Amino acid sequence: MSQRLTNILGYLTLIAILGAIWVMFGEDPARDQGARGEATFDGLSDRVNNAAAITINQNGVSTRLNKVKGNWYVIERDGYPADRATVHDFLRGLALSERREPKTANEERFDKLGLGDNALDIKVLDGDDTAIAAFEMGTRKDSPNGRSLTYIFQEQDTRSWLVSGLTETSADPAWWLDTNVLDIAESRFASVTYGDVTISRALGDDKYTIEDLAEGEAMQADWQLRDPARVLSNLNLDDVRKIANPITDPVAVVRVATYDGLRLTVTLYNLENATWVQIAARYDGALADAGEGGVLPDAPMDGEAEAETINERTHGWLFKLSDYDAKVLTRGRADFLESKTDEE
């Protein structure tokens, strides 16, 4: 074989190899290739404060967050407040994100990165509903140093990228909710009443007892008696819906009294194989006027205002409980007593 023919075959082989590489990882000259260390979302750090809405879509599940007077709300949950820290961390992550490693440009391989059909389709919009950031978000990879890396793709890029800084994200509206419903210092609790049983504690005492304990009855361990107060003092939701009057009878009613005058009525319902609660608050100043509430360092300065604030947040809403909290709040008297053996 002549030297000239050998050279020609060599060039053809090189062209074929380059062509194959282009097919798998090729660059579209009409789009931006980007580089390691660059901002993932060009110019977003200067515009992120203009964000007025966020949309997240994935496999038919959608969430839209709207910003109103500095606060964020979840539209798919009738405008219930979103968790401010979650939204802030999400936007901050976008603004500070950097490109770390270029990945495939072949969209047929995107599914291996969590992109394509299964990706989170995310848009950050300004007040005119114009996108200031739009991208597909794929699989997140946790690194040994605690910092995560995430696969993303933007239409203006030539390829997918592994980028830093993005926080965990979901298209589920419930994931964005402000989950805190009640935040009351447990030291304020005087009693919790479940229909035929009242669990109470003396002012300043950490241990709870069952009132009117019958002869032969024995209470369970203190931590089990304390469970209702612990759950109600820091009650969190799993989901929320706007319903003023559920078309069903309650399965239980739990009443709370504090030593400084706060009274809570927690009404529980079974809906769609889950436990949901309504909450109402009122202020009874009798104990506080008697001076007992004054010794509590966690008592509010204005008990009536506290009750009004709770009602403003909870009125007209049903809150879905976690399975554990639901189990605690639907107990009966027997659940707080030691069971006896046949010999006993």
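Residues numbered from 1 in each chain as written. Predicted model: local features only at pLDDT ≥ 70, side-chain atom pairs only at ≥ 80, totals over all residues. Heavy atoms only, no water.

(A) Summary view of the confidence of the model for the protein chain. Averaged over every residue, the pLDDT of the protein chain is 87; residues scoring 70 or more account for 85%. For the stretch residues 21–32, pLDDT sits under 50, and the model shows 24 contacts to residues farther than four places along the chain or on other chains. (pLDDT = per-residue confidence, 0-100. Contact = heavy atoms within 4.5 Å.)

(B) Quick peek at helix α3 (residues 84–96). In this model α3 runs 18 Å from its N-terminal to its C-terminal C-alpha over 13 residues, within 8% of the 18 Å that 1.5 Å per residue would give. When we look at burial in α3, the residues that qualify are Val87, Phe90, Leu91, Gly93, Leu94 and Ala95. In this structure, the buried side of α3 is in contact with α2 (44–47), β1 (53–58), β2 (61–68), β3 (71–74), β6 (120–125) and β7 (131–142). (Helix = DSSP H or I, 4+ residues; strand = E, 2+ residues; numbered from the N terminus. Expected span 1.5 Å × (residues − 1). Buried < 20%, exposed > 50% of the residue type's maximum accessible area, 1.4 Å probe, protein only.)

(C) Seen up close, the nonpolar core. Residues Leu91, Ile279, Phe319 and Leu329 are the most contacted members of the largest nonpolar core, which totals 68 residues. In this structure, Leu115, Leu149, Phe153 and Leu162 belong to the second largest nonpolar core, which totals 8 residues. (Core = buried A, V, L, I, M, F, W, Y, C linked by side-chain atoms within 4.5 Å.)

(D) Focus on the sheet that holds β1. Spatially, the 9 strands line up as an open sheet ordered β4-β3-β2-β1-β6-β7-β8-β9-β5, and their pairing is antiparallel. Only two strands of the sheet have a single neighbouring strand rather than two, namely β4 (80–81) and β5 (99–102). Relative to β2, β1 is paired through 6 bridges, and the arrangement is antiparallel. Along β2, the bridge assignment pairs Asn57 with Ser62. Packed on one face of the sheet, α3 meets β1, β2, β3, β6 and β7 and runs near 90° to β6. (Pairing = 2+ DSSP bridges. Axes fitted to C-alpha atoms, helices over the stretch in contact; angles between N-to-C directions.)

(E) View of a negative patch on the surface. Taken together, the side chains of Asp302, Glu304, Glu308 and Glu312 define an acidic patch exposed on the protein surface. Topologically, Glu312 is positioned in helix α6 (residues 303–314). (Patch = residues over 30% accessible without salt bridge, like charges linked within 9 Å, V, L, I, M, F, W, Y side chains within 5 Å. Areas by Shrake-Rupley, 256 points an atom, 1.4 Å probe, with all protein chains shown as cover. Salt bridge = Lys/Arg side-chain N within 4 Å of Asp/Glu carboxyl O. Lys, Arg positive; Asp, Glu negative; His and termini not counted. Charge placed at Lys NZ, Arg CZ, Asp CG, Glu CD.)

(F) Structural detail: the pairing of β1. Hairpin connection, β1 to β2: the antiparallel pair is bridged by 2 residues, and Asn59 has positive phi, about 50°. In the sheet, β1 pairs with β6 via 5 bridges, with the strands oriented antiparallel. Looking at the pairing, Ile56 lines up with Ile122 of β6.

(G) Focus on the sheet that holds strand β13 (residues 239–242). Strand order in the open sheet formed by 8 strands is β12-β11-β10-β14-β15-β16-β17-β13, with antiparallel pairing between adjacent strands. Here the strands that pair on one side only, and so sit at the sheet edges, are β12 (209–210) and β13. As judged from the 2 bridges shared by strand β11 (residues 197–200) and β12, these two strands associate in the antiparallel manner. Bridge pairing in β12 links Ser200 to Thr209. Together, β10 (189–194), β11, β12, β14 (252–258) and β15 (262–271) form the strand contacts of helix α4 (residues 222–233), whose direction differs from that of β10 by roughly 105°. This element, α6, spans β15, β16 (274–283) and β17 (317–320) of the sheet and lies at about 150° to β16.

(H) Fine view of α6. Look at α6: 17 Å from first C-alpha to last across 12 residues, which is about the 16 Å you get at 1.5 Å a residue. Inspection of α6 places Gly303, Glu306, Ala307, Ile310 and Thr314 among the buried residues, and these make up the whole buried set. Looking down the long axis of α6, one finds its buried residues gathered within 95° of arc, a one-sided arrangement. Elements that come into contact with the buried residues of α6 comprise β15, β16 and β17. The distance from a side-chain oxygen at the start of α6 to the backbone nitrogen of Glu304 is 3.2 Å, and the residue carrying that oxygen is Asp302. After α6 finishes, the residue Gly316 shows a positive phi value of roughly 85°. (Arc of directions from axis to C-beta. Polar contact = N/O pair within 3.5 Å; in protein donor to acceptor, adjacent residues only side chain to side chain.)

(I) Quick look at the environment of Met301. Positionally, Met301 belongs in the loop between α5 (286–289) and α6. Assessed through its relative accessible area of 87%, Met301 is described here as exposed. Along the backbone, Met301 and Asp260 are 41 residues apart, and their C-alpha atoms lie at a distance of 9.9 Å.

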